[in-house]
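Listed here are the chains, written in short residue letters.
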Amino acid sequence: MVSNHIEVCSLSPHIGAVIRGVDLTQTLDEQSICEIRKALLDNLVIFFEDQAISPDQHLAFAQRFGDIEEPHPVFGQHDRDARLSIIESRGRVGDDDHEWHSDVTYQSKPTMGSILHSRIIPPSGGDTLFSSMYAAYDALTAPMKAFLSDLTATHSFELGWGKTVRRQEGGDERMHKLNAVFPPMSHPVVRTHPETGRKSLFVNQYYTTHINELSERESSAVLKMLFEHITTPEFQVRHRWKQNDLAFWDNRATLHYAARDYGLEHRLMHRVTLVGDKPV
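The structure contained in this document is the topic of the report that follows. All of these numbers come straight from a predicted model, not from anything done at the bench.

Parameters and conventions
- Residues numbered from 1 in each chain as written.
- Predicted model: local features only at pLDDT ≥ 70, side-chain atom pairs only at ≥ 80, totals over all residues.
- Heavy atoms only, no water.
- Helix = DSSP H or I, 4+ residues; strand = E, 2+ residues; numbered from the N terminus.
- Rg over C-alpha atoms; globule rule 2.2 N^0.38 Å.
- Buried < 20%, exposed > 50% of the residue type's maximum accessible area, 1.4 Å probe, protein only.
- Areas by Shrake-Rupley, 256 points an atom, 1.4 Å probe, with all protein chains shown as cover.
- Phe/Tyr/Trp six-rings, centres within 6.5 Å; stacked < 30°, edge-to-face > 60°.
- Lys NZ or Arg CZ within 6 Å of the ring centre and 35° of its normal.
- Pairing = 2+ DSSP bridges.
- Contact = heavy atoms within 4.5 Å.
- Axes fitted to C-alpha atoms, helices over the stretch in contact; angles between N-to-C directions.
- Right-handed = clockwise from strand over helix to strand, strands pointing away.
- Core = buried A, V, L, I, M, F, W, Y, C linked by side-chain atoms within 4.5 Å.
- Salt bridge = Lys/Arg side-chain N within 4 Å of Asp/Glu carboxyl O.

Turning to the overall build of the protein, a few remarks are in order. Scanning the protein from N- to C-terminus turns up 7 helices and 16 strands. The globule rule puts the C-alpha radius of gyration for 280 residues at 19 Å, and the 18 Å found for the protein is close to it. Over its C-alpha atoms, taken along the principal directions, the protein stretches across nearly 55 × 50 × 35 Å. Counting all 280 residues of the protein, 55% fall into the buried class. Of the roughly 12,800 Å² of accessible surface on the protein, 50% is carried by carbon and sulfur atoms.

In this section: the packing of aromatic side chains. Counting across every chain of the model gives 14 aromatic pairs. Aromatic side chains phenylalanine 61 and phenylalanine 248 sit 6.3 Å apart centroid to centroid with 75 degrees between the ring planes, which places their arrangement in the edge-to-face category. In this pair, phenylalanine 61 is assigned in helix H2 (residues 55–63) and phenylalanine 248 in strand S14 (residues 246–250), connecting sequence segments 187 residues apart. Considered together, phenylalanine 61 and phenylalanine 248 belong to a single accessibility category, that of buried residues. Taken together through their ring pairs, the aromatic side chains of Phe75, Tyr106, Phe157, Trp161, Phe182, Tyr206 and Tyr207 make up a single cluster. Looking at lysine 145, its charged tip hangs above the ring of tyrosine 137, at a distance of 5.0 Å from the centre. Between arginine 198 and the ring centre of tyrosine 134, over which it is positioned, the NZ or CZ distance is 4.1 Å.

Strands sit in the order S1-S2-S3-S14-S6-S16-S5-S4 across an open sheet of 8 strands; the sheet is mixed. At either margin of the open sheet sits one strand with a lone partner, and together these are strand S1 (7–10) and strand S4 (76–77). Most of the contacts of H2 go to strand S16 (residues 267–274), to which it runs at about 30 degrees, and overall it touches strand S3 (45–48), strand S6 (113–120), S14 and S16.

Side chains Val45 and Phe47 of S3 all project onto a buried face; the interleaved residues Ile46 and Phe48 project onto the opposite face, where all are buried too. Sheet analysis places strand S2 (residues 17–20) next to S3, joined by 3 bridges and oriented parallel. Paired with valine 18 across the two strands is phenylalanine 47, which belongs to S3. Traced from S2 through helix H1 (residues 30–43) to S3, the parallel crossover comes out right-handed. Here S3 runs beside S14; their pairing, made up of 4 bridges, is antiparallel.

On to the nonpolar core, then. For soluble globular proteins, the rule of thumb is that nonpolar side chains tend to be buried together. The biggest cluster of nonpolar side chains holds 28 residues, and the ones touching the most others in it are Val45, Tyr106, Phe130, Phe157 and Trp161. With 3 residues, helix H5 (residues 157–167) is the single largest residue contributor to this core. Setting aside anything within four residues of it in sequence, one finds phenylalanine 130 in contact with Ile15, Val45, Phe47, Trp100, Phe235, Gln236, Val237, His239, Trp249, Leu255 and His256. Counting residues in hydrophobic clusters, the runner-up holds 25 residues, among them Ile33, Ala39, Phe61 and Leu246.

Next up on the list: the sheet that holds strand S15 (residues 254–258). What the 3 strands build is an open sheet, ordered S13-S7-S15; its pairing is antiparallel. Bordering the open sheet on either side are strand S13 (236–239) and S15, each of which pairs with just one other strand. Put simply, the sheet's adjacent strands are angled 20 degrees from each other on average, direction ignored.

A few words on the pattern of salt bridges. As enumerated under the stated definition, the model contains 19 salt bridges in all. Arginine 238 is the partner of aspartate 127 in a salt bridge, and the nearest nitrogen-oxygen pair spans 2.9 Å. Highlighted residues: aspartate 127 in the loop between S6 and strand S7 (128–132) and arginine 238 in strand S13, separated in sequence by 111 residues. Accessibility expressed as a relative area gives 5% for aspartate 127, which makes it buried. Classification of arginine 238 as partly exposed rests on a relative accessible area of 48%. Through salt bridges with shared partners, one network takes in Arg20, Glu49, Lys242 and Asp245.

Quick look at the pairing of S1 now. Summarising the sheet, S1 and S2 pair through 4 bridges and their orientation is antiparallel. Paired with valine 8 across the two strands is isoleucine 19, which belongs to S2. With antiparallel pairing between neighbouring strands as the criterion, S1 and S2 make up a hairpin whose turn holds 6 residues, including glycine 16 at a positive phi of roughly 100 degrees.

With that settled, consider the environment of serine 85. Looking at the secondary structure, you find serine 85 in strand S5 (residues 85–89). On the accessibility criterion, serine 85 (4% relative accessible area) is buried. Residues serine 85 and serine 12, 73 residues apart in the sequence, show an inter-C-alpha distance of 29 Å. Filtering out sequence-adjacent residues up to four positions away, serine 85 remains in contact with His72, Phe75, Gly76, Met269, His270 and Arg271.

Shown next as structure tokens:
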């Protein structure tokens, strides 16, 4: 076990910090893991620079923070371990469909956190933006908070992945099977974080179809307002990737967006996600 002097360098008032003094190729002691977890809870997304870790080391680091999720139903899978997703772009069809989102909110227990490692980075572009859903909730007026407090919203696998899957050979049949595995799922519009107790908004453009308690017109209007609100620049931090950067974000209180501005350049990332809890 290796003990590290960990330095947490905040990047903005609401979200984001760089963690220094950590070598993720080594097995960290429990004190270091506790400090990293605290930094994650305090800052929502944390970045580790120059971490030339192997897939096995990536998985081992993730396991220190919880159980690793089963393989992603759409992303490519590493031959070393299918739970390590390969996110690769080089003129891939469907990249223009990307939206701000929180990972797998179509599941009953959406991801607790995601750990993304950069392997190949375009010469320019390909940044990832993160937005704090704590800050988004806190900025609402008291009447709007009260209005949203008891509402629930439906999240759909097909909304997020339908076009991508159907473009593939045999896509319609595969989509039918995936819809059976991942039926529409309802979650509160405002969730309470299970560790910090803070409230955050929990809707996103990629998976949220409608607010259950409202009419179609009312739901559309409220979601339009919320989708604009949650991407306010003041709630955000933007990460410009370098090779071997690692980002770890709290999926329960953030949204993220991968900028698709690098054309046919090659971008290759490895991602591991952690099992979450049912939003309340």
